[in-house]
2 protein chains.
Amino acid sequence: MARKPADQSVNKEDILLAAADVLQRNGYESTTMKDIAAEVNLTAASLYHHFRNKDALLLAVLEAGIEHILSQIEPIAVSSYPPDHKLRLMIHAHVTGLTNNTAVGAAMVFEIKSLVSVKTAPDDGRDPEVAERRRAFIARRDQFERLFRAVIQEGIERGLFCPVDVPIFVKTLLGAHNWVGVWYRPDGRLNGDEIADRMADTFLRALQPA
Amino acid sequence: MARKPADQSVNKEDILLAAADVLQRNGYESTTMKDIAAEVNLTAASLYHHFRNKDALLLAVLEAGIEHILSQIEPIAVSSYPPDHKLRLMIHAHVTGLTNNTAVGAAMVFEIKSLVSVKTAPDDGRDPEVAERRRAFIARRDQFERLFRAVIQEGIERGLFCPVDVPIFVKTLLGAHNWVGVWYRPDGRLNGDEIADRMADTFLRALQPA
DNA sequence: CTGGTAATCTAATCATGATTAGATTATTTT
DNA sequence: AAAATAATCTAATCATGATTAGATTACCAG
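Residues numbered from 1 in each chain as written. Chains lettered and ligands numbered in written order. Predicted model: local features only at pLDDT ≥ 70, side-chain atom pairs only at ≥ 80, totals over all residues. Heavy atoms only, no water.

1. As for empty space enclosed by the protein
Residues and elements named next belong to chain A.
Line of reasoning, step 1. For the structure shown, the criterion picks out three cavities of 30 Å³ or more.
Line of reasoning, step 2. Each pocket or cavity is described by its volume, and for the second largest cavity that value is around 50 Å³.
Line of reasoning, step 3. Residue lining of the second largest cavity: A19, L23, Y28, T31, I36, K54, L57, L58 and V61, and that is the complete set.
Line of reasoning, step 4. Sorting the residues of the lining of the second largest cavity by element identifies helix 1 (12-26) and helix 4 (54-78) as the ones contributing at least two each.
Line of reasoning, step 5. Element by element, the count of residues in the lining of the second largest cavity is highest for helix 4, at four residues.
Line of reasoning, step 6. Here the lining of the second largest cavity is built from residues that sort into seven nonpolar, one polar and one charged. (1 Å grid on protein atoms, 1.4 Å probe; cavity = no way out; pocket = protein on both sides within 12 Å on 5 of 7 lines; lining within 4 Å. Points joined across faces, edges and corners; volume = space filled by probe spheres on them. Helix = DSSP H or I, 4+ residues; strand = E, 2+ residues; numbered from the N terminus. Nonpolar A, V, L, I, M, F, W, Y, C, P; charged D, E, K, R; others polar.)

2. Side note on helix 9 (residues 192-207) of chain B
Residue and element names in this part refer to chain B.
Line of reasoning, step 1. Between its first and last C-alpha, helix 9 extends 22 Å over 16 residues, near the 22 Å set by a 1.5 Å rise per residue.
Line of reasoning, step 2. Of all the residues in helix 9, the buried ones are G192, I195, A196, M199, A200, T202, F203, L204, A206 and L207.
Line of reasoning, step 3. The residue sitting at the N-terminus of helix 9 and contributing the capping side-chain oxygen is N191; that oxygen lies 3.0 Å from the backbone nitrogen of D193. (Expected span 1.5 Å × (residues − 1). Buried < 20%, exposed > 50% of the residue type's maximum accessible area, 1.4 Å probe, protein only. Polar contact = N/O pair within 3.5 Å; in protein donor to acceptor, adjacent residues only side chain to side chain.)

3. Describing the protein's contact with DNA strand C
Line of reasoning, step 1. Contacts to DNA strand C come from 17 residues, most closely from A:Y48, B:V10, B:S46, B:H49 and B:H50.
Line of reasoning, step 2. In DNA strand C, atoms within 4 Å of the protein come from the sugar-phosphate backbone in 78% of cases.
Line of reasoning, step 3. Between DNA strand C and B:V10 there is a distance of 2.5 Å, counted from a phosphate oxygen to a backbone nitrogen or oxygen.
Line of reasoning, step 4. Interatomic distance of 2.8 Å between a backbone N/O atom of B:T43 and a phosphate oxygen of DNA strand C.
Line of reasoning, step 5. Of all the secondary structure elements, the ones that give two or more residues to the surface near DNA strand C are helix 3 (44-50) of chain A together with helix 3 (44-50) of chain B.
Line of reasoning, step 6. Sort the elements by how many residues they give to the surface near DNA strand C and helix 3 of chain B lands first, with four residues. (Near = heavy atom within 4 Å.)

4. Considering the interface of chain B and chain A
Line of reasoning, step 1. The interface is formed by 37 residues belonging to chain B together with 37 residues belonging to chain A.
Line of reasoning, step 2. Summed over the shared surface of chain B and chain A, the result is four salt bridges.
Line of reasoning, step 3. With a shortest N-O distance of 2.7 Å, A:D165 and B:R198 are connected by a salt bridge.
Line of reasoning, step 4. There are eight residue pairs in polar contact (both at pLDDT 80 or more) connecting chain B and chain A.
Line of reasoning, step 5. Elements supplying a minimum of two residues to the side of chain B that touches chain A: helix 1 (12-26), helix 6 (102-116), helix 8 (166-183) and helix 9 of chain B.
Line of reasoning, step 6. The element best represented in the side of chain B that touches chain A is helix 8 of chain B, accounting for ten residues. (Contact = heavy atoms within 4.5 Å. Salt bridge = Lys/Arg side-chain N within 4 Å of Asp/Glu carboxyl O.)

5. As for the relation of the copies chain B and chain A
Line of reasoning, step 1. Rotating chain B by 180° and translating it 0.0 Å along the rotation axis places it on chain A, where the RMSD comes to 0.0 Å. What the superposition gives is, in effect, a two-fold axis relating one chain to the other.
Line of reasoning, step 2. The overlap is high: 100% of the interface residues of chain B also sit at the interface in chain A, so the same surface is used on both sides. (Least-squares fit on C-alpha atoms with pLDDT ≥ 70 in both.)

6. Quick word on the protein's contact with DNA strand D
Line of reasoning, step 1. Around DNA strand D, 17 residues are found, and the nearest of them are A:V10, A:S46, A:H49, A:H50 and B:Y48.
Line of reasoning, step 2. Between DNA strand D and B:Y48 there is a distance of 2.7 Å, counted from a phosphate oxygen to a side-chain nitrogen or oxygen.
Line of reasoning, step 3. When residues of the surface near DNA strand D are traced back to their parent elements, those giving at least two are helix 3 of chain A together with helix 3 of chain B.
Line of reasoning, step 4. The dominant element in the surface near DNA strand D, judged by the number of residues it contributes, is helix 3 of chain A, at four residues.
Line of reasoning, step 5. Tallied by class, the residues present in the surface near DNA strand D amount to six nonpolar, nine polar and two charged.

Set out below in structure tokens:
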């Protein structure tokens, strides 16, 4: 086989997208470096030029995912809209974020475990750098949850929402959202926006003061 | 090494419990037959006396899980309680079912994918029997969802619940539930019952007629 | 007891898949 | 266009883990 004139040399972005895609289909452990490489017309070995190893690659996918979502949610969270409107916007951003890129969405839901699992992540493990990034990722995820708690809390304090157990309410909300990434199909009855609307209706109704 | 007088020969039940446990910790692909075997003081090879192969074992875990949950939910679903009370009981049963056995719960959430994945399940695959059981499992899971839809539908028709998009509402509800299996910790602030109560409050409030 | 079946074990087999080594080719920079 | 660097490749290496083969031991029915 002659050397492929390399359509155009591949960059990390491309690889991340491809990886998210394969990851969604097969899950971390079932996904081989070869699978990912194939998606971008490379050989497994070539991937090592771009990423230290498989763990680092998965991590990069998740990092890109959470940063993207946070970049959508944070501006809303810090805005000065009233809590109810703010919450609706945040729900909308999160849900459509998941439906627009189901690959990354599903990866975020299913593969975080690989990040925490003792087996995949012997904390003291080899890569100290990867260990650090892992920590940072978890921190970002927690921050994400805190943004939602804050809006709910604010709404309750202002008497716009009925009092609820905030941590549990937020877990409920986020669980519902994450699940969307699991069942959503682009060819389904509703698109991301429509699903988001209905979910926002549900949760805002649940918060209606008595 | 002398032959271990075998405390007592192990049965499938034991293996399923152990497997669910390991599965929860590591996920299907990361879980080795050896890991599971170790939990019950057997060697990997011995497991093959009880289960055809690794896939069949995973499937058995999931089957046991869904049958258990269905056995809790179905009686409530067919009872003649009013829809609101019925829904509360069903939520309670589902959530505590998940918190009481987080191992199976997490497996049900995370590993169903392995069941559907092309890679793990080349539909035409080897075991025709396993293929059939796989189909049956999916059917059971769908039935489970239908039970929830029916209660909501009934409540709406009787004017006890405000009209909602039933399929989406149920996905929302089940997503929230499933997620509990992911974050719940036995040593957390609330126990399964308390969490279930709060979640039921939330969803029933969301269904309150205007 | 005695044969038969069940449950285990130890020791292969066999395949897969991450990672590394050592070129080779492409692209920039100067 | 020579040197340096980046991006790929092919061909090992190496480890892991599912599954099978061939005993061995435990227990039950007659």
